[in-house]
Amino acid sequence: MNTSPYIRKVHYYETDQMGIVHHSNYIRWFEETRVDYMEQIGFGYQKAVETGIDFVVLSVSCDYKTMVRFGDTVKIFMTITSAELLRITLAYRIADNETGELRALGESKHCYYHSLKKRPVSLKKELPALYEIFQDA
């Protein structure tokens, strides 16, 4: 399934006093990208949550390559690098929207957690349609 990168304009409040994006915001952008991806594939995050499934963050990392500043617009590309029964691994590439210059690379790992059962679950059993979409990606 083809999806578009997430486009994000930097807000002033996301920067430090030098006008450079604070490192913690990249992690927030990864989350925004995941939510956008879910919307694009026609299975919004809210739909998953309503069925009791959430995506618990197991780990997240970010390698900062070049600075992003107030007023910049970036494209965030996300790919599924591994989709297993109990967990998923995502890779992110943040690039300047105009020049394509690489700004950051990241990764996040998640497990599928059922809020009613209070434990990790197999996505294939709980939401087979979403599991198939992740597998096809």
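Scroll up to find the structure.
Residues numbered from 1 in each chain as written. Predicted model: local features only at pLDDT ≥ 70, side-chain atom pairs only at ≥ 80, totals over all residues. Heavy atoms only, no water.

Novice: It is not clear to me how the side chain of Asn25 should be interpreted in this structure. Could you clarify?
Specialist: Locating Asn25 in the fold gives a position in helix H1 (residues 24-40). Accessibility expressed as a relative area gives 7% for Asn25, which makes it buried. Polar contacts involving the side chain of Asn25 include one to the main-chain carbonyl oxygen of Glu14, which spans 2.9 Å. (Helix = DSSP H or I, 4+ residues; strand = E, 2+ residues; numbered from the N terminus. Buried < 20%, exposed > 50% of the residue type's maximum accessible area, 1.4 Å probe, protein only. Polar contact = N/O pair within 3.5 Å; in protein donor to acceptor, adjacent residues only side chain to side chain.)

Novice: Hey, could you run me through the packing of aromatic side chains in this one?
Specialist: Given two aromatic rings, one states the distance between the centres and the angle between the planes to describe the pair. This structure, assessed with the given rule, holds seven aromatic pairs. Geometrically, the ring pair formed by Tyr26 and Trp29 is tilted, given 5.2 Å between the ring centres and 50° between the ring planes. Within this pair, Tyr26 and its partner Trp29 are both found in helix H1, separated by three residues, close to a single helical turn. Neither Tyr26 nor Trp29 differs from the other in exposure class; each is buried. Aromatic ring contacts, followed pair by pair, group Tyr45, Phe55, Tyr112 and Phe134 into a single cluster. Over the aromatic face of Phe77 sits the side chain of Arg93, whose NZ or CZ is 4.3 Å from the ring centroid. (Phe/Tyr/Trp six-rings, centres within 6.5 Å; stacked < 30°, edge-to-face > 60°. Lys NZ or Arg CZ within 6 Å of the ring centre and 35° of its normal.)

Novice: Please clarify how the pairing of strand E5 (residues 102-114) should be interpreted in this entry.
Specialist: A regular strand places its side chains on the two faces of the sheet in alternate fashion. The sheet contact formed by strand E2 (residues 53-64) and E5 spans 11 bridges and is antiparallel. Within the sheet, the bridge partner assigned to Ser59 lies in E5 and is Lys109. As paired elements, strand E4 (residues 87-96) and E5 share nine bridges and run antiparallel to each other. Looking across to E5, one finds that Ala91 is bridged to Glu107. A loop of five residues connects E4 with E5, the two strands running antiparallel in sequence, and Gly100 in this loop sits at a positive phi of about 80°. The sheet contact formed by E5 and strand E6 (residues 119-120) spans two bridges and is antiparallel. The residue bridging Tyr113 from the neighbouring strand is Pro120, located in E6. Where E5 folds back on E6, the antiparallel hairpin that results is connected by four residues, among which Lys118 adopts a positive phi of roughly 60°. (Pairing = 2+ DSSP bridges.)

Novice: It is not clear to me how the nonpolar core should be interpreted in this structure. Could you clarify?
Specialist: By size, the foremost hydrophobic cluster in this structure holds 33 residues, and its most contacted members are Trp29, Leu130 and Phe134. For this core, the secondary structure elements donating two or more residues are H1, E2, strand E3 (73-83), E4, E5 and helix H4 (128-136). What Phe134 contacts, discounting residues up to four positions off in sequence, is Tyr37, Met38, Ile41, Phe55, Ile80, Ala83, Ile88, Tyr112 and Leu123. (Core = buried A, V, L, I, M, F, W, Y, C linked by side-chain atoms within 4.5 Å. Contact = heavy atoms within 4.5 Å.)

Novice: Before we go on, may I ask you to explain the side chain of Glu14 in this structure?
Specialist: Tracing the sequence through the fold places Glu14 in the loop between strand E1 (6-9) and H1. On the accessibility criterion, Glu14 (2% relative accessible area) is buried. Sequence-distant contacts of Glu14, that is, excluding residues within four places in its chain, are made with Arg8, Lys9, Ile20, Val21, His22, Asn25 and Trp29.

Novice: Teacher, can you tell me more about the layout of surface pockets here?
Specialist: To locate leftover empty space, one rolls a probe as large as a water molecule over the atoms. When its volume is computed, the largest pocket comes out at roughly 230 Å³. Surrounding the largest pocket, 13 residues form its lining, Arg34, Met38, Tyr45, Phe55 and His110 being those nearest its centre. Elements that contribute at least two residues to the lining of the largest pocket include exactly H1, E3 and E4. Here the lining of the largest pocket takes five residues from H1, the largest share from any one element. Looking at the lining of the largest pocket residue by residue, the class counts come to 10 nonpolar, one polar and two charged. (1 Å grid on protein atoms, 1.4 Å probe; cavity = no way out; pocket = protein on both sides within 12 Å on 5 of 7 lines; lining within 4 Å. Points joined across faces, edges and corners; volume = space filled by probe spheres on them. Nonpolar A, V, L, I, M, F, W, Y, C, P; charged D, E, K, R; others polar.)

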